[in-house]
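Below are the chains, spelled out letter by letter.
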Amino acid sequence: MKYRMIPKLNLKAGVVGLGGEHLDGKPYADVEHTLHAAMDAGVNMLDLFMPGEEIRTNIGRALEGRRERIMIQGMIGSTDVNKQYDISRDPALCRKYFEDLLRFLGTDYIDFGMLFFIDTDAAFEKVFEEGTLLRYAQDLKKAGTIRGIGASAHDPVTARRMVETGEIDLLLFSVNPAFDLMPLGLDIDTMLSDKGFDNLGSVQPARAALYEACEREGVAITTMKTLGAGKLLSAAHTPFKKPLTPAQCIRYALDRPAVVSTLIGAASPEEIQESLKYFEMSEEELSYSEILGGERSNFLGNCLYCNHCLPCPNDIDIALVNRYLEVATLGGENTPPSIREYYTALKAHGGDCIACGSCETRCPFSVPIIENMAKAVAVFGS
């Protein structure tokens, strides 16, 4: 396992985590075997949005004696009124289900208290402007009942609004290459439908802006829908030249700014091991550039941080220069000093570019790298 830092909380997340949805409805033995296989392999991130008593109790039993080995994203707002999954903004009901989560898990803390499914202006205003649920999360954090405040979202505009409040430490967001190309405004059901995958455009600026805002503000991203509900793996459903592999989907998500962990659903130890094959893959096997690139690619002109432009004769980390430049361009005068510090700490800078052009001949996405290096000098001074 490899780990990345969650900046605001000084915690390290395994880059491959576990989405718990597929454990729902499974017998206890399956839950235990799957969780133990994950933790034994170094997985330390678990998303637990499911509101039912049985799944929460089964996970709690499986974590007995191992609780400190895994960090849990527990939702504030996921309910099962009348035994049907629902989303609530009612403070009393949200409190009840969150306290039930603690009780069923047999724990006195949840690592990340996640404000659940904030995808619309109305939901944002209810949670962040009316503020009762946000204050509840803040009180939980002050009491040590949660270690950090998070939120889950699928809409990049709403997600960015949450990030820029400064109130959240972690964002659970849907990340994959197809979603990055989908028109703004599609709901999650349409995004996962064949119709949604038929309507790909160019890279969605709102999603790119969200990733950069998270990096600028120090908000870590954990990813859901990394495999596109399996559609990106299917020859019949992929919108690209050919299906991606799970490892390529994981690599794509981990190449986005601010992403610290990809939460991959699994219902058995075998499925856990399938996800963890990512660490056995060569760079060639992990590369997604051949599938997403080419003359008809909708990613043309956009740096996807795949590093196929390397090696640079002057050892410039071109992907990182591009990332920091994008963050600074997006933030303008509001760009935090840390971005300039990160840039300054690089071994080589935009000013070290000799415009040899070797990077641009290798870039699958026609990024104007030489031009970007000159822009970095203008922005950062070196």
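In what follows, the structure referred to is the one given above.
Source: prediction; values computed, not measured.

Here we take up the overall build of the protein chain. Helix and strand content of the protein chain: 18 helices and 12 strands. Here the C-alpha atoms of the protein chain give a radius of gyration of 21 Å, agreeing with the 21 Å that 2.2 N^0.38 yields for 382 residues. Counting over 382 residues, the protein chain shows a buried share of 56%. Sequence separation of 24 or more characterises 73% of the internal contacts of the protein chain that already satisfy a separation of 6 or more. Split by element, the accessible area of the protein chain, about 16400 Å² in all, is 48% carbon and sulfur. In the protein chain, 38 side chains carry a positive charge and 53 a negative one; their mean positions are 1 Å apart.

Here the focus is the sheet that holds strand E3 (residues 16-19). On the basis of which strands lie adjacent, the closed barrel formed by 8 strands has the order E3-E4-E5-E8-E9-E10-E11-E12 and parallel pairing. Geometrically, the sheet is characterised by an average inter-axis angle of 30° between neighbouring strands, direction not taken into account. As paired elements, E3 and strand E4 (residues 45-48) share 2 bridges and run parallel to each other. For Gly19, the partnering residue across the bridge sits in E4 and is Asp47. The sheet strands contacting helix H3 (residues 91-105) are E4, strand E5 (71-76), strand E8 (110-115) and strand E9 (146-153), and the helix crosses E5 at an angle near 150°. In the packing of helix H5 (residues 132-143) onto the sheet, contacts are made with E5, E8 and E9, and the angle to E9 comes to roughly 150°.

All right, on to the side chain of Ser78 then. When you line up the elements, Ser78 lands in strand E6 (residues 78-79). From its side chain, Ser78 meets the backbone oxygen of Phe49 in a polar contact 2.6 Å long. Non-local contacts of Ser78, meaning those with residues more than four positions away in its chain, are made with Phe49, Met50, Pro51, Arg56, Tyr85, Asp86, Tyr97 and Phe116.

The next subject is the pairing of strand E10 (residues 170-174). In terms of burial, E10 is largely enclosed, as 5 of its 5 residues are buried. Neither face of E10 is exposed, since Leu170, Leu172 and Ser174 on one face and Leu171 and Phe173 on the opposite face are all buried. In this sheet, E10 lies alongside E9 in parallel orientation, the contact comprising 4 bridges. Across the sheet, the residue bridging to Ser152 is Leu172, located in E10. For the crossover from E9 across helix H6 (residues 156-163) to E10, the handedness is right-handed. Across 5 bridges, E10 lies against strand E11 (residues 220-224) in parallel orientation. If you follow Leu172 over to E11, its bridge partner there is Thr222.

A few words on helix H4 (residues 121-130). Where H4 is concerned, the buried positions are Ala123, Phe124, Val127 and Phe128. Seen from one end, H4 has its buried residues packed into an arc of 95°, which puts them on one side. Among the exposed residues of H4, those oriented more than 90 degrees off its buried face are Ala122 and Glu129. Looking at the buried side of H4, the elements it contacts are E8, H5 and H6. Looking one or two places after H4, you find Gly131, whose phi comes out positive at around 90°.

On to empty space enclosed by the protein, then. One pass over the structure, following the stated rule, counts 3 cavities of 30 Å³ or more. Considered as a void within the structure, the largest cavity measures approximately 110 Å³ in volume. Forming the boundary of the largest cavity are 19 residues, of which Cys312, Pro313, Cys353, Cys356 and Cys359 lie nearest the centre. Sorting the residues of the lining of the largest cavity by element identifies helix H17 (358-362) and helix H18 (369-380) as the ones contributing at least two each.

Counted under the stated rule, the structure contains 0 disulfides. There is no disulfide at Cys312, and the cysteine sulfur nearest it, in Cys356, is 6.4 Å away.

Definitions and cut-offs
Residues numbered from 1 in each chain as written. Predicted model: local features only at pLDDT ≥ 70, side-chain atom pairs only at ≥ 80, totals over all residues. Heavy atoms only, no water. Helix = DSSP H or I, 4+ residues; strand = E, 2+ residues; numbered from the N terminus. Rg over C-alpha atoms; globule rule 2.2 N^0.38 Å. Buried < 20%, exposed > 50% of the residue type's maximum accessible area, 1.4 Å probe, protein only. Contact = heavy atoms within 4.5 Å. Areas by Shrake-Rupley, 256 points an atom, 1.4 Å probe, with all protein chains shown as cover. Lys, Arg positive; Asp, Glu negative; His and termini not counted. Charge placed at Lys NZ, Arg CZ, Asp CG, Glu CD. Pairing = 2+ DSSP bridges. Axes fitted to C-alpha atoms, helices over the stretch in contact; angles between N-to-C directions. Polar contact = N/O pair within 3.5 Å; in protein donor to acceptor, adjacent residues only side chain to side chain. Right-handed = clockwise from strand over helix to strand, strands pointing away. Arc of directions from axis to C-beta. 1 Å grid on protein atoms, 1.4 Å probe; cavity = no way out; pocket = protein on both sides within 12 Å on 5 of 7 lines; lining within 4 Å. Points joined across faces, edges and corners; volume = space filled by probe spheres on them. Disulfide = S-S within 2.5 Å.

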